[in-house]
Amino acid sequence: MGRKEDLNMRQTKKVTKQKNNAKCNNEKLNINNNENVLNLINYWITSADNKIEIAMAIYSVIFSIFGYFGFDKISEYKEINSCAFWPIFIALIVSVIIFAISIFFYVSALVPRFTGFEKKNYSIFYEEIKLFKDKNEYIESVMNSDQINYNEELMSEAYFNSKICSKKMHKFKAGIILSLIAIILEIVLLTLTLILIAAH
């Protein structure tokens, strides 16, 4: 009877060990998956920033070129018909204001805005890490943490970074739409001015 109980105990320990190993492996798998998700979101953020910078530069050059010729031709048309000059000039100013708003969206998309930081027992976010009293306190918090804490922080970072990425893309889209409206308005006004100049 004693030998049977000993065998059952060994089997129970073996099963428990297998379950613990499976749980540990599953936790490591979750960590790897969450690290991949976080890296992917960070890649999207970097890609969004690059697209915003390129779009802002290209549209600024295009708008400046048409704006330069637009103001030049409208000034020329003023000498021909000063009464009809003002509506076209005001419309051109409106296009400048619209483009300025688009620049605001681009810049606000590039500038990160973080709020509501609070000190945690453990964190992987730099704005929360700096809240620790000193280096030793942070090292101690890391040493006292486990895979569960790390995994939770990964998921938290992925969630907040996805919100940042979403805001960037929405502002980027708004910036593009406003830029195109401003440029198209400029082109229409320049074309109209050239036609009016040619008509006289």
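Higher on the page you've got the structure.
In this report, we go over the structure that sits alongside the text. These numbers were taken from a predicted model, which means no experiment stands behind them.

## Considering the overall build of the protein chain
Line of reasoning, step 1. What the protein chain contains, in helices and strands, is five helices and zero strands.
Line of reasoning, step 2. Across the 200 residues that make up the protein chain, the buried fraction comes to 28%.
Line of reasoning, step 3. Partitioning the contacts of the protein chain with sequence separation of at least 6, the portion at a separation of at least 24 is 76%.
Line of reasoning, step 4. For the protein chain, the accessible surface area stands at approximately 13500 Å², while carbon and sulfur atoms represent 63% of it.

## Regarding the packing of helix H2 (residues 82–110) against helix H5 (residues 147–199)
Line of reasoning, step 1. Remark: H2 packs on H5, axes separated minimally by 8 Å, with the N-to-C direction vectors making an angle of 160°. As the angle between them shows, H2 and H5 are arranged roughly antiparallel. Between H2 and H5 lies a crossing of left-handed hand.
Line of reasoning, step 2. In terms of residue class, the contact of H2 with H5 is made up of 21 nonpolar, six polar and three charged.

## Focus: the packing of aromatic side chains
Each aromatic ring pair is summarised here by two numbers: the centre-to-centre distance and the angle between the ring planes.
Line of reasoning, step 1. The tally for this structure, following the rule as stated, stands at nine aromatic pairs.
Line of reasoning, step 2. Taking 5.8 Å as the distance between ring centres and 90° as the angle between the ring planes, the aromatic pair formed by tryptophan 86 and phenylalanine 89 counts as edge-to-face. Taken together, the residues span about one helical turn, with tryptophan 86 and phenylalanine 89 both in helix H2 at a distance of three residues.
Line of reasoning, step 3. Residue phenylalanine 89 is classed as partly exposed on the basis of its relative accessible area of 24%.

## A few points about the pattern of salt bridges
Line of reasoning, step 1. Considering all chains together, one arrives at two salt bridges under this definition.
Line of reasoning, step 2. A salt bridge links lysine 168 to aspartate 49; the nearest nitrogen and oxygen atoms lie 2.8 Å apart. You can see lysine 168 sitting in helix H5 and its partner aspartate 49 sitting in helix H1 (residues 2–78), a full 119 residues away along the chain. Aspartate 49 carries the same exposure label as lysine 168, and that label is buried.
Line of reasoning, step 3. The residue glutamate 76 makes a salt bridge to lysine 73 at a minimum N-O spacing of 3.5 Å. Note that glutamate 76 and lysine 73 are positioned in helix H1 at a spacing of three residues, about one turn of the helix.

Parameters at a glance
Residues numbered from 1 in each chain as written. Predicted model: local features only at pLDDT ≥ 70, side-chain atom pairs only at ≥ 80, totals over all residues. Heavy atoms only, no water. Helix = DSSP H or I, 4+ residues; strand = E, 2+ residues; numbered from the N terminus. Buried < 20%, exposed > 50% of the residue type's maximum accessible area, 1.4 Å probe, protein only. Contact = heavy atoms within 4.5 Å. Areas by Shrake-Rupley, 256 points an atom, 1.4 Å probe, with all protein chains shown as cover. Axes fitted to C-alpha atoms, helices over the stretch in contact; angles between N-to-C directions. Parallel < 35°, antiparallel > 145°, perpendicular 65-115°, else oblique. Left-handed = near helix turned anticlockwise from the far one by under 90°. Nonpolar A, V, L, I, M, F, W, Y, C, P; charged D, E, K, R; others polar. Phe/Tyr/Trp six-rings, centres within 6.5 Å; stacked < 30°, edge-to-face > 60°. Salt bridge = Lys/Arg side-chain N within 4 Å of Asp/Glu carboxyl O.

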